[in-house]
Amino acid sequence: MRRIISVLLENEPGALSRVVGLFSQRNYNIETLTVAPTEDETLSRLTVTTTGSDKVIEQITKQLNKLIEVVKLVDLTEGAHIERELMLVKLKATGSQRAEIKRTVDIFRGQIVDVTSSVYTVQLAGNSEKLDGFIQAVGTSGVLEVVRSGVSGIARGEKVLSL
Amino acid sequence: MELLSGADMLIRSLQDEGIEYIYGYPGGAALHIYDALFRQDKVKHILVRHEQGAVHMADGYARASGKAGTVLVTSGPGATNTITGIATAFMDSIPMVVLCGQVASSLIGEDAFQETDMIGVSRPVVKHNLSVRHPEEIPEIIRKAYYIATTGRPGPVVVDIPKDMTTPNERYEYVFPRKVKLRSYNPALRGHAGQIRKAVDMLMAARRPVVYAGGGVILGKASEQLTELVRMLGCPITNTLMGIGCYPATDRQHLGWLGMHGTYEANMAMHHSDLILCVGARFDDRVTNATEKFCPGARIVHIDIDPASISKTVDADVPIVGPVDAVLKEMISLVRESREKPDEEALAAWWKQIDEWRAFHGMRYETSDDVIKPQEVIEALWRLTNGEAYVTSDVGQHQMFAAQYYKFDKPNRWINSGGLGTMGFGLPAAMGVKLNYPEEEVLCITGEGSIQMNIQELSTCKQYNLPVKIINLNNQALGMVKQWQDMNYESRHSQSYMESLPDFIKLAESYGHVGIRIDRKEDLEPKLKEALAMKDKLVFVDIYVDRFEHVYPMQVARGSMKDMWLSKTERV
């Protein structure tokens, strides 16, 4: 099952490599990984999406917790949560394609953020399936380049992951 | 206000940490530190002949004393040579601090002479590693390193020290922090009271309980509490290879150790139990055999300081995270207060069954009139040392024989590489023990394969006068490899012969030690006595043992706990 694990990490050199190393060393899967400092500059927040049985996920969270630089973590998929991923796509856009792409971008609530005579660059945020859906809708033949941020997530409601 | 250079701060921190000996080998990036070492006499340095030897020495000391060992090496090859030793300590949760020189900060990343990314290289085999980015941080980093290494589930910590951090030209205020606080590291101080109560209730209700104890009992200094609890409960106890000595082996309630080469009765009792109380062990594959067939009728209570060890391979019904000594203490008082008593009738029936298993097999081997059996060497050593020696071992058949036939009644005396299985561990580990416990008898039980993996340390033994006794069970082959080849590869002995063995007697003598060869059965005891009588000499006892002996019992691969070979021909 797919899980989103959100980690507060000491913002120190080498901390990220410990997390990544742990996944490969123990044969766990990383599907996406995002990391950036938080409003507290001593902390980074890392979000990793992974798949595995309940037993494997339990081991992943326990092993992550054992890392000295991991301050706190939560499995967001255990409760209601919001997940978002940002995508930038370069699309071939000439002739009648231009209007068609514009319509599709509007339907997906994306934005065209850069334009040339033959290319549109589209920005789209949402959960991972929505981004997949957009690529499907415009058709892979027109896609010149895709870059995705990986998943970020946060719990719904009062629940917060902080010190 | 005292101003010190980084190198002086490092040595001063070791003094303040109470470190008496460090084991190491100098080199370019560590020379400022070695100079600081030279200008004081509180911290004594033992110069080994290979850095791996230094780590195993520190490890041997740590296992015998329960305190952290300390290693000092230079960058590059000095640091990478410690990796096997660090991995050995990591797998067995041994507290240790390894101080590594590093090229100057300005050169890092430039493929400088003797540069290795030691933080990266060591990462998968350390509990944590730290690098020094400013000389002023040194005292705090040293304090942190020992704190992390020795608390919670212990383990090795590497400290990487670029050369410019220790330069004598810059001096800083020295402050040794008394306390360390790490917001992200808070090992449990006690177990969950509700879970402990539940565990005690289950123990009282169990009809066929068995205690399965591991190295965590020794690391957690909880042998006394464990022994008390087991005696109160009157139930059988088995322990892992790493747990040897956590409960007196000569006691009636002790079934010997369990797992791949464990006793018949221990493995049978585990398989047929209805409740397993696991204390400080981790259901390792060498213990459980096939996990899906593991102890089908047993519920499991698992006490461990490391939550990740619980339900990793075998699910626990009642997990208890906490230090084993504190948890056992609580269990003892609950058992004492409890109105329930263990079911005596059920327990008597359980013991009757166990005694039948004991009578059926127990530990036995066939003796011979003309060849020396490795098992009888160990039994003779046990008798001659009154079971009181510190015994280190290498890895292979000799290790299993030593663990099976030397009956340890005390913890911290059986010292072996259980998790990683590192050949070459035994001699330097014995040296680390002897250096710190000069009055104690220290035996290194080894084989002609393993001993050659760190034989150079005989020179260190000469330099520091470390009169350990090396008992070389010489079967002229890599015995355990050969045994597997006999059992699984139709005796195709691929690369398992040790041809062109050295003359170990002359070798020992060339290092200034004594060598004794034993190849006749009638010489065994008299010559072992002779060796042990030489209190101030390192004696290399080269014993020619049966070349065809196998270690039994041996669990059948992919079977359950109870599927075992009891000899070359009997399978149960």
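Residues numbered from 1 in each chain as written. Chains lettered and ligands numbered in written order. Predicted model: local features only at pLDDT ≥ 70, side-chain atom pairs only at ≥ 80, totals over all residues.

Naming follows an unreviewed UniProt entry, where chain A appears as Acetolactate synthase small subunit of Marinobacter panjinensis. On record in UniProt, under Subunit (unreviewed entry), the comment for chain A is "Dimer of large and small chains." According to the UniProt record, the Sequence similarities (unreviewed entry) comment for chain A reads "Belongs to the acetolactate synthase small subunit family." (UniProt positions renumbered as here; feature names shortened; annotations may be inferred.)

Quick look at the overall build of chain A now. When its secondary structure is counted, chain A shows four helices and nine strands. Each helix and strand of chain A, placed in order from N terminus to C terminus, yields the pattern β-α-β-β-α-β-β-α-β-β-α-β-β. With the C-alpha coordinates of chain A rotated into their principal frame, the extents come out at 55 × 35 × 35 Å. Expressed as a percentage of the 163 residues in chain A, the buried residues total 28%. When contacts within chain A are restricted to residue pairs at least 6 apart in sequence, those whose partners lie at least 24 apart make up 73%. (Helix = DSSP H or I, 4+ residues; strand = E, 2+ residues; numbered from the N terminus. Buried ≥ 20, exposed ≤ 12 C-beta atoms within 10 Å, placed from the backbone. Contact = placed C-beta atoms within 7 Å.)

Quick look at the environment of L532 of chain B now. Residue and element names in this part refer to chain B. The topology assignment puts L532 in helix α21 (residues 524-533). As for L532 and L443, which are separated by 89 residues in sequence, their C-alpha atoms are 9.4 Å apart. Here L532 is in contact with L384, T385 and K469, once residues within four sequence places are set aside.

Among the nine residues of helix α11 (residues 264-272) of chain B, eight are classified as buried, and the element is accordingly described as predominantly covered. Taken residue by residue, α11 of chain B has Y264, E265, A266, N267, M268, A269, M270 and H271 of chain B as its buried positions.

As a further point, take the sheet that holds strand β3 (residues 44-47) of chain B. Residue and element names in this part refer to chain B. With parallel pairing, the six strands of this open sheet are ordered in space as β3-β2-β4-β5-β7-β6. The outermost strands of the open sheet, each flanked by one partner alone, are β3 and β6 (128-131). Strand-to-strand twist in this sheet, taken as the mean axis angle between neighbours without regard to direction, amounts to 25°. Relative to strand β7 (residues 156-162), strand β5 (residues 96-102) runs parallel, the two sharing seven bridges. Bridge pairing in β7 places Q102 opposite P162. Lying on the sheet, helix α3 (residues 51-65) is in contact with β2 (21-25), β3, β4 (69-73) and β5; it crosses β4 at an angle near 165°. (Pairing = 2+ DSSP bridges. Axes fitted to C-alpha atoms, helices over the stretch in contact; angles between N-to-C directions.)

Contacts between the two partners involve 13 residues from chain B, matched on the other side by 15 residues from chain A. Tallied by class, residues from the side of chain B that touches chain A come to seven nonpolar, three polar and three charged. (Nonpolar A, V, L, I, M, F, W, Y, C, P; charged D, E, K, R; others polar.)

If you look at the biggest cluster of nonpolar residues, it comprises 192 residues, and the most contacted ones within it are V71 and V159 of chain B. Leaving out residues up to four positions away in the same chain, V71 of chain B has contacts with I22, Y23, G24, A54, V55, A58, T82, M96, V98 and L99 of chain B. (Core = buried A, V, L, I, M, F, W, Y, C linked by C-beta atoms within 7 Å.)

The next point concerns the UniProt feature "domain: ACT" (unreviewed entry) in chain A. If you check UniProt for "domain: ACT" (unreviewed entry), the listed places come out as residues 4-78 of chain A in our numbering. Annotated as residues 4-78 of chain A, this span is 32% helix and 37% strand, and its ends, taken at the C-alpha atoms, are 9 Å apart.

Hydrogen bonds between backbone groups are what pair the strands of a sheet, and the pairing can be parallel or antiparallel. Residue and element names in this part refer to chain B. Read across the sheet, six strands follow the order β16-β15-β17-β18-β20-β19 without closing on themselves; strand pairing throughout is parallel. Since the sheet does not close on itself, it has two edges, and those belong to β16 (414-415) and β19 (514-518), each with one partner. Bridge count between β19 and strand β20 (residues 539-544): five bridges; the pairing is parallel. The residue of β20 that forms the bridge with I516 is V541. This element, helix α15 (residues 374-384), spans β17 (442-447), β18 (469-474) and β20 of the sheet and lies at about 160° to β18. In this fold α21 packs onto β18, β19 and β20, with an angle of close to 170° to the strand it touches most, β19.

Before going further, it helps to examine the pairing of strand β15 (residues 390-393) of chain B. Residues and elements named next belong to chain B. The two faces of β15 match: Y390 and T392 on one face and V391 and S393 on the other face are all buried. Bridge count for β15 against β17 is four bridges, and the pairing is parallel. Of the residues in β17, the one forming a bridge with S393 is I445. Of the pairings in the sheet, the one linking β15 to β16 comprises two bridges and is parallel in character. Paired with V391 across the bridge in β16 is W414.

Time to look at the domain arrangement of chain A. Domain annotation for chain A reports domain 1 (2-78) and domain 2 (83-150). The C-alpha-based centres of domain 1 of chain A and domain 2 of chain A are spaced at 30 Å. (Domains from an automatic or database assignment.)

We now examine the domain arrangement of chain B. All names here are of chain B. Assigned domains of chain B: these are domain 1 (3-173), domain 2 (193-360) and domain 3 (374-551). Computed from C-alpha coordinates alone, the two centres of domain 1 and domain 3 are separated by 30 Å. Secondary structure elements with two or more residues in the side of domain 1 that touches domain 3: β3, α3 and α5 (83-91). Per-element tally for the side of domain 1 that touches domain 3: the top contributor is α3, with eleven residues. Residue composition of the side of domain 1 that touches domain 3, by class: ten nonpolar, ten polar and four charged.

All names here are of chain B. At their nearest, the axes of helix α10 (residues 223-233) and helix α13 (residues 324-337) sit 9 Å apart, and the two run at 30° to each other. Relative to α13, the element α10 is oriented roughly parallel. In this structure, α10 meets α13 at a crossing whose hand is left-handed. Contacts between α10 and α13 involve Q225, L226, E228, L229, M232 and L233 from the former and D325, L328, K329, M331, I332 and V335 from the latter. (Parallel < 35°, antiparallel > 145°, perpendicular 65-115°, else oblique. Left-handed = near helix turned anticlockwise from the far one by under 90°.)

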